[in-house]
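Letter by letter, the chains look like this.
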Amino acid sequence: MLDDYERAPIDEKLRATLHFLVTLDPARALATGVSRDALRNAADVQAGFEMITRFADAIGAKPHSERGLTREQAIAHEGRFFEEGYA
């Protein structure tokens, strides 16, 4: 789906919503029955992810895979927050 949402085996409303997020043209999504509230929610979620990405870039954060950690090491590393909290 991430490579080509237009051809992915997904619901047409989701496809139209993703198209909206790429183009910011709501016509297709509205025509498939996606509500304005749903489009607003989708835009809010995308904005949140964009903000997180920009913050991570600003502080030089790198994905665990770029730091050489395996999937298991990354899960173990993040698991400490579950046990110890963030403070």
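The preceding data block contains the structure.
Our subject in this report is the structure included herewith. Source: prediction; values computed, not measured.

1. Describing the layout of surface pockets
One way to see where empty space is left: roll a probe the size of a water molecule over the atoms.
Phase 1: Its volume calculated, the largest pocket comes out at about 160 Å³.
Phase 2: Lining of the largest pocket is provided by M1, L2, Y5, L18, L21 and V22.
Phase 3: Here the lining of the largest pocket is composed, by residue class, of 6 nonpolar, no polar and no charged.

2. Considerations on the packing of helix α1 (residues 12-23) against helix α3 (residues 36-58)
Phase 1: Packing of α1 against α3 leaves a shortest axis separation of 10 Å and a crossing angle of 55°. One finds that α1 runs oblique with respect to α3. For α1 against α3, the interelement crossing comes out right-handed. Residues T17, F20 and L21 of α1 form the contact with α3, whose own contacting residues are L39, A42, A43 and Q46.
Phase 2: Of the residues belonging to the contact of α1 with α3, the class tally is 5 nonpolar, 2 polar and no charged.

Procedures and definitions
Residues numbered from 1 in each chain as written. Predicted model: local features only at pLDDT ≥ 70, side-chain atom pairs only at ≥ 80, totals over all residues. Heavy atoms only, no water. 1 Å grid on protein atoms, 1.4 Å probe; cavity = no way out; pocket = protein on both sides within 12 Å on 5 of 7 lines; lining within 4 Å. Points joined across faces, edges and corners; volume = space filled by probe spheres on them. Nonpolar A, V, L, I, M, F, W, Y, C, P; charged D, E, K, R; others polar. Axes fitted to C-alpha atoms, helices over the stretch in contact; angles between N-to-C directions. Helix = DSSP H or I, 4+ residues; strand = E, 2+ residues; numbered from the N terminus. Parallel < 35°, antiparallel > 145°, perpendicular 65-115°, else oblique. Left-handed = near helix turned anticlockwise from the far one by under 90°. Contact = heavy atoms within 4.5 Å.

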